[in-house]
Amino acid sequence: MSSPRFTWGDLVVVNASAPARFRPGAAASVVGVLEVVPRLAAELGTPVGSIVYTLEFSDGSDAQVAEDLLERVEA
């Protein structure tokens, strides 16, 4: 796995240009990090070997979002 840009507990925001299903503009906490394997690539629309994060939003919902769709929230 390449080195992830974010780690557990980081606060991130989904890019405004992300597809609606990823909640563009929403802030969330990173609660998981995984490398995309072949069986997940098509489901997530992300290349094999890329990094995907499980995010938890303030309403308790979660989503798996590709690294290139995220930005760090500076405190």
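Figured I'd write up the structure that's included with this text. The model shown is predicted, which means the values in this text are computed figures rather than measured ones.

Quick notes on the rules
Residues numbered from 1 in each chain as written. Predicted model: local features only at pLDDT ≥ 70, side-chain atom pairs only at ≥ 80, totals over all residues. Heavy atoms only, no water. Phe/Tyr/Trp six-rings, centres within 6.5 Å; stacked < 30°, edge-to-face > 60°. Helix = DSSP H or I, 4+ residues; strand = E, 2+ residues; numbered from the N terminus. Buried < 20%, exposed > 50% of the residue type's maximum accessible area, 1.4 Å probe, protein only. Lys NZ or Arg CZ within 6 Å of the ring centre and 35° of its normal. Polar contact = N/O pair within 3.5 Å; in protein donor to acceptor, adjacent residues only side chain to side chain. Pairing = 2+ DSSP bridges. Axes fitted to C-alpha atoms, helices over the stretch in contact; angles between N-to-C directions. Core = buried A, V, L, I, M, F, W, Y, C linked by side-chain atoms within 4.5 Å. Contact = heavy atoms within 4.5 Å.

Points about the packing of aromatic side chains
So, point 1. According to the stated counting rule, one finds 1 aromatic pair in the structure shown.
So, point 2. Seen in terms of ring centroids, F6 and Y53 are 5.3 Å apart; in terms of plane orientation they differ by 70 degrees. Their pairing is edge-to-face. Note that F6 is positioned in the segment before β1 (11-14) and Y53 in strand β3 (residues 51-57), a separation of 47 residues in sequence.
So, point 3. Accessibility expressed as a relative area gives 0% for Y53, which makes it buried.
So, point 4. Taking NZ or CZ as reference, R23 lies 4.1 Å from the ring centre of F57, over its face.

Describing unusual backbone geometry
So, point 1. The residue R23 is not glycine, and still its phi comes out positive at about 65 degrees.
So, point 2. For R23, the position within the fold is in the loop between β1 and β2 (27-35).

Section: the environment of D59
So, point 1. Relative to the helices and strands, D59 is located in the loop between β3 and β4 (62-66).
So, point 2. As for D59 and A28, which are separated by 31 residues in sequence, their C-alpha atoms are 9.6 Å apart.
So, point 3. A polar contact of 3.4 Å, which involves the side chain of D59, links it to the side chain of R23.

Focus: the sheet that holds β1
So, point 1. A sheet is described by the order of its strands in space; here 5 strands give the open sequence β4-β3-β2-β1-β5, paired in antiparallel fashion. The two strands at the open ends of the sheet, each matched to only one other strand, are β4 and β5 (70-72). Averaged over all neighbouring strand pairs, the angle between strand axes comes to 45 degrees, with direction disregarded.
So, point 2. As paired strands, β1 and β2 are joined by 3 bridges and run antiparallel to one another. Looking at the pairing, V12 lines up with A28 of β2.

Some thoughts on the nonpolar core
Side chains of a nonpolar character, in soluble globular proteins, are inclined to be buried together.
So, point 1. Within the largest apolar cluster, 16 residues are counted, with the highest numbers of intra-cluster contacts made by V14, Y53, L55, F57, V65 and L70.
So, point 2. Of all the elements in the fold, those that place two or more residues in this core are β1, β2, β3 and β4.
So, point 3. Ranked by residue count, the leading element in this core is β3, at 4 residues.
So, point 4. With residues near it in sequence (within four places) discarded, V14 still touches F22, R23, P24, G25, A26, L55, F57, L69 and L70.
So, point 5. L40, A41, L44 and V52 belong to the second-largest nonpolar core, a separate cluster that totals 5 residues.

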